[in-house]
Amino acid sequence: MDFRYLPMTETDKQEMLDTIGVSSTDELFSDIPEKVRLKEVLNLKAPKSEADLKKELVQMANKNYNLMEYTSFLGAGVYDHFIPSVVDHVISRSEFYTAYTPYQPEISQGELQAIFEFQTMISELTGMPVANSSMYDGGTSLAEAVNLSAAQTRKKKILVSKAVHPESQAVIETYGKGPNLEIVYIDHINGRTDLNQLAHELDEKTASVVMQYPNFFGQIEPLAEVRNILDQQSKAMFIVSSNPLSLGYLTPPGKFGADIVVGDTQVFGIPAQFGGPHCGYFATTEKLMRKIPGRLVGQTTDEYGLRGFVLTLQAREQHIRRDKATSNICSNQALNALASSVAMSSIGKHGLKKMSELNMQKARYAKKKFEDAGFEVISTGSFFNEFVVKLPVTVKEANDMLLEKGFIGGYDLATYYPELEGHMLVAVTEIRTKEEIDAFVKELGDIHE
Amino acid sequence: MNNQDFPLIFERSKEGRVSFNLPDIDVPVVDLEAELTETYVRQEAPELPEVSELDIIRHYTGLSNRNYGVDSGFYPLGSCTMKYNPKINEDVARLNGFSHVHPYQDPKTVQGALEMMFDLQESLKEITGMAGVSLQSAAGAHGEWTGLMMIRAFHEANGDYHRTKVIVPDSAHGTNPASATVAGFEAVTVKSNENGLVDLEDLKRVVGDDVAALMLTNPNTLGLFETEILEMAEIVHGAGGKLYYDGANLNAIMGYARPGDMGFDVVHLNLHKTFTGPHGGGGPGSGPVGVSAELEPYLPKPLIVKQDDFYTFEYDRPQSIGRVKPYYGNFGINLRAYTYIRTMGAEGLKKVSEYAVLNANYMMRKLEKAYDLPYSQHCKHEFVLSGRRQKKLGVRTLDIAKRLLDFSYHPPTIYFPLNVEEALMVEPTETESKETLDGFIDTMLQIAEEAENNPEIVQEAPHHTVVKRMDETTAARKPILRYYKD
């Protein structure tokens, strides 16, 4: 078979072998010891033509129920927001997506400037002075924040709210095994962190307190109160994971004296794509600027005095500092940071507040519809665009029924919170219409009766 | 040539411009400010730009014109495998059934996605010769750390808590020692010998019952195959340690040899290198991890399994190191890699390595006349030159790299590996034509000649880029990491 990505002809090959002074390419592999040389052909599916493969993969894609065809109320960390068309057009520019990390600034000003703009936007949203160029995702970014807090304070005890995304909790645990951290969980009461328990656990051994805002249950944690508790009792660092869309309306964590703010910009221009790639962000204080993991872009000038951008403070990073680096991260999510920058530019200063508000209004309408239909909605305070509904059946049973009616139902909280059997986490974004919300509540109401 | 500052998106902003139409509010409105109270209602709007849709397109198109990708030209960046990124991969990744699928949908509604992941796990097992594969790690360094955490869990399960050291060669990628530290180990260096390979005597010296693992790339970062790999495996295994394979250089040996057959216990792959996931200007990547049967219980969870004809997640893995990432890995990148593997098959992947190695050796033999070649045996997919001859003329490797920009090439990796003075690390990849290689060779020979006869033109390069060399010292001393409106 011919391979369209391999341009060498037999004539080329012969000329090149002559230049090298060998008679066959096999000779170039003679340094591989006989004992480890592969004797058989790899057992892989036979290569396919572009046309045949595309047909097969389209069929494979069609086996998946997708969010464009089903009306989804599923969130729990990954959200179905409208993606402006400009986003994909920009990230499809191959000067961006086929480029390497911008280590050669003279031919990478496009990427470097785009990242500098991303850092600025994240800094604005979070209310923190410094943001890096991206992390893998919100969960690993949070885990890196926790490890940084332990290194910075030289303490091991970490207080993590159980209202933090459960998969982020799991990632914190795995990352924490490296430096042997002691993770102490703080319970939630009806979907909000138990601040009494937090105050009780907080002591001089505590490296940091980890909260999510809005939290996994959609609720807006009272960060002002958490700040007070921290101020009164400890020098522990304050780490907040935050959905950046919500910060269009909510007071940013920086205003509550957060030391590190992390999260995921999937809400801005990045499709769900079965959980990845998304895009973590990492924002912090001036004090921690030289401890931040990952790449940073800085502004400078060239020999002629023109403004330009470079990767900077690289002495923190693995390729310079090796085993003393602040993190091992190398590849990040640059292209997705670009997608989010384009989306944030498109949404704009005033659009962001409106979009955030629209999510909150629609979610409140849906909550009221559920309450009117006789459902118990678990909530002790204000929330963003998600809330918890108690069902008379398991969430799986409800979702099976909803699927037949064209809905992808909410998240089954029993997955990670066994005590919340029959509790569905419902997400309502700006793209859900009143009709869709009405129909969704009606279908669930039919079970209720 | 552009001799003025390119505006920031914020500098294009004008009060009142929009480029996003939100849907109208179609539900009754409640008083949010009253509900949240002043404490939680944002008082100052974040300074995002206010621009029109055309402003956005012009801005980012302008930025893209100030950037350089594989589609722009030759990118012989050693260690990074900057090969062509097939367009079918991009199209497939954008199908609604792949891009608009939520990770928490019921498995019965995502059988296509799970089938792809299962099939990819199986393909990577076969390509590497490992018993199990997890697709969860997001990038190479993430895969390294994942692998080391599994090795740590393995030793601890055996009551072996004293294995605190991880050995890395002096030629290793910086991520190797950094990942060792993050996993809670101490990185220890093993020296290279005069042939550019791991010095077995030094390895014997550093190995011991306190060693958890040896991390190795094979071929190594000099592009040389570690011919004594079986002896090294014996030394490390004999002392109770494990062998870790950094898959950054797998492009050299696909279909010719497998890490699993060389005695490696853990392998990570860089799907954005070997398997054509684009680099995206720095990411996203994907770094799946493969393990031997002995280490399989420690793989991150969940794995994708096939039960009869149904694909689903396997969470019941009590010895697993847990999660290394929310959800299931960088699915979109894994899908691109899968599309590539299905395009090439076994025959195609072997040809990939054949041509990657042929191209590298051809260039090496053409360039060794003008540049020092510290290790002269056949290379694999990349080779390392030294610019020390030019340095004596006052032309540094950095200057050579910058001069290449004038000819519209991305330069090779420079000053790495660390054990070669003034290193220039060249990796042509298999997707480049002979004409492209010859063009680059001619340019490199010309620059070598310039270094002798007209060094200023090299020392002052680049001459034709949108900006000249940047003041990196000031950037680091007085960091400006964001824009502020005056």
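Everything numeric in this text was worked out from a predicted model, so none of it was measured.

What to know about the overall build of chain A
Helix and strand counts for chain A come out as 14 helices and 17 strands. Seen through its C-alpha atoms, chain A measures out along the principal axes to roughly 80 × 55 × 50 Å. Looking at chain A as a whole, 61% of its 449 residues qualify as buried.

Here we look at the interface of chain B and chain A
Listed by partner, the interface residues are 172 residues for chain B and 168 residues for chain A. Examining the composition of the side of chain B that touches chain A, we find that 22 residues originate from one element, helix H11 (residues 331-367) of chain B, more than from any other.

Description of the domain arrangement of chain A
Residue and element names in this part refer to chain A. Along its sequence, chain A is carved into domain 1 (71-82 + 350-448) and domain 2 (85-343). The C-alpha-based centres of domain 1 and domain 2 are spaced at 28 Å. Each partner contributes to the interface: domain 1 provides 25 residues, whereas domain 2 provides 20 residues. Among the secondary structure elements, those contributing two or more residues to the side of domain 1 that touches domain 2 are helix H12 (334-372) and strand S14 (386-390).

Considerations on the domain arrangement of chain B
Partitioning chain B into structural domains gives domain 1 (9-65), domain 2 (88-344) and domain 3 (348-459). Taking the mean C-alpha position of each, domain 1 of chain B and domain 3 of chain B sit 48 Å from one another.

Quick look at the sheet that holds strand S11 (residues 413-414) of chain B
Residues and elements named next belong to chain B. Taken in spatial order, the three strands of this open sheet run S10-S12-S11, and their pairing is antiparallel. The strands lining the two open edges of the sheet, one partner per strand, are strand S10 (383-386) and S11. By the bridge criterion, two bridges tie S11 to strand S12 (residues 423-426) in an arrangement that is antiparallel. Across the sheet, residue Thr413 finds its bridge partner in S12, namely Met425.

A word on the pairing of strand S5 (residues 242-247) of chain B
Residue and element names in this part refer to chain B. Among the six residues of S5, six are classified as buried, and the element is accordingly described as predominantly covered. Side chains Lys242, Tyr244 and Asp246 of S5 all project onto a buried face; the interleaved residues Leu243, Tyr245 and Gly247 project onto the opposite face, where all are buried too. Where strand S4 (residues 211-216) meets S5, four bridges bridge the pair, whose relative direction is parallel. Paired with Leu216 across the two strands is Tyr245, which belongs to S5. Bridge count between S5 and strand S6 (residues 266-269): four bridges; the pairing is parallel. Across the sheet, Asp246 pairs through a bridge with His268, a residue of S6.

Some remarks on the packing of helix H6 (residues 109-126) of chain A against H12 of chain A
Residues and elements named next belong to chain A. Close contact between H6 and H12 brings their axes to 9 Å; oriented N to C, the two are set at 60°. Classified by the interaxial angle, the pair formed by H6 and H12 is oblique. H6 and H12 meet at a crossing whose hand is left-handed. Seen from H6, the contacting residues are Glu111, Ala114, Ile115, Glu117, Phe118 and Met121; seen from H12, they are Ala334, Ala337, Leu338, Ser340, Ser341 and Met344. Residue classes in the contact of H6 with H12 are distributed as eight nonpolar, two polar and two charged.

Overview of the nonpolar core
Residues Val209 of chain A together with Tyr244 of chain B are the most contacted members of the largest nonpolar core, which totals 290 residues. Looking at this core element by element, the count peaks at 20 residues for H11 of chain B. Ignoring any residue separated from it by four or fewer positions in sequence, one finds Val209 of chain A in contact with Leu159, Leu198, Leu202, Val226, Leu230, Ala236, Phe238 and Ile239 of chain A.

Quick word on unusual backbone geometry
A negative phi angle is the norm for most residues apart from glycine, just as the trans form is the norm for most peptide bonds. With an omega dihedral of 0°, the bond running from Gly283 of chain B to Pro284 of chain B counts as a cis peptide bond. The omega torsion of the bond from Lys301 of chain B to Pro302 of chain B falls at 0°, within 30 degrees of zero and hence cis. Residue Asn180 of chain A is not a glycine yet carries a positive backbone phi of 55°. As for its placement among the helices and strands, Asn180 of chain A is situated in the loop between helix H8 (166-176) and strand S4 (182-186). Looking at Asn180 of chain A, the number of C-beta atoms within 10 Å reads 9, which means it is exposed. In this structure, Thr276 of chain B takes a positive phi of about 65° despite not being glycine.

Quick look at helix H7 (residues 138-153) of chain A
Residues and elements named next belong to chain A. With 16 residues, H7 extends 22 Å between its outermost C-alpha atoms, agreeing within 8% with the 22 Å of an ideal straight helix rising 1.5 Å per residue. The element H7 is extensively covered by neighbouring structure, given that 13 of its 16 residues are classed as buried. Note on H7: the residue one or two positions beyond its end, Arg154, has a positive phi of about 55°.

Topic: the environment of Arg389 of chain B
Residues and elements named next belong to chain B. As for its placement among the helices and strands, Arg389 is situated in helix H12 (residues 388-391). Exposure remark for Arg389: the 16 C-beta atoms within 10 Å place this residue in the partly exposed category. In the structure, Arg389 is positioned 152 residues away from His237 in sequence and 42 Å away in space, judged by C-alpha atoms.

Basis of the calculations
Residues numbered from 1 in each chain as written. Chains lettered and ligands numbered in written order. Predicted model: local features only at pLDDT ≥ 70, side-chain atom pairs only at ≥ 80, totals over all residues. Helix = DSSP H or I, 4+ residues; strand = E, 2+ residues; numbered from the N terminus. Buried ≥ 20, exposed ≤ 12 C-beta atoms within 10 Å, placed from the backbone. Contact = placed C-beta atoms within 7 Å. Domains from an automatic or database assignment. Pairing = 2+ DSSP bridges. Axes fitted to C-alpha atoms, helices over the stretch in contact; angles between N-to-C directions. Parallel < 35°, antiparallel > 145°, perpendicular 65-115°, else oblique. Left-handed = near helix turned anticlockwise from the far one by under 90°. Nonpolar A, V, L, I, M, F, W, Y, C, P; charged D, E, K, R; others polar. Core = buried A, V, L, I, M, F, W, Y, C linked by C-beta atoms within 7 Å. Expected span 1.5 Å × (residues − 1).

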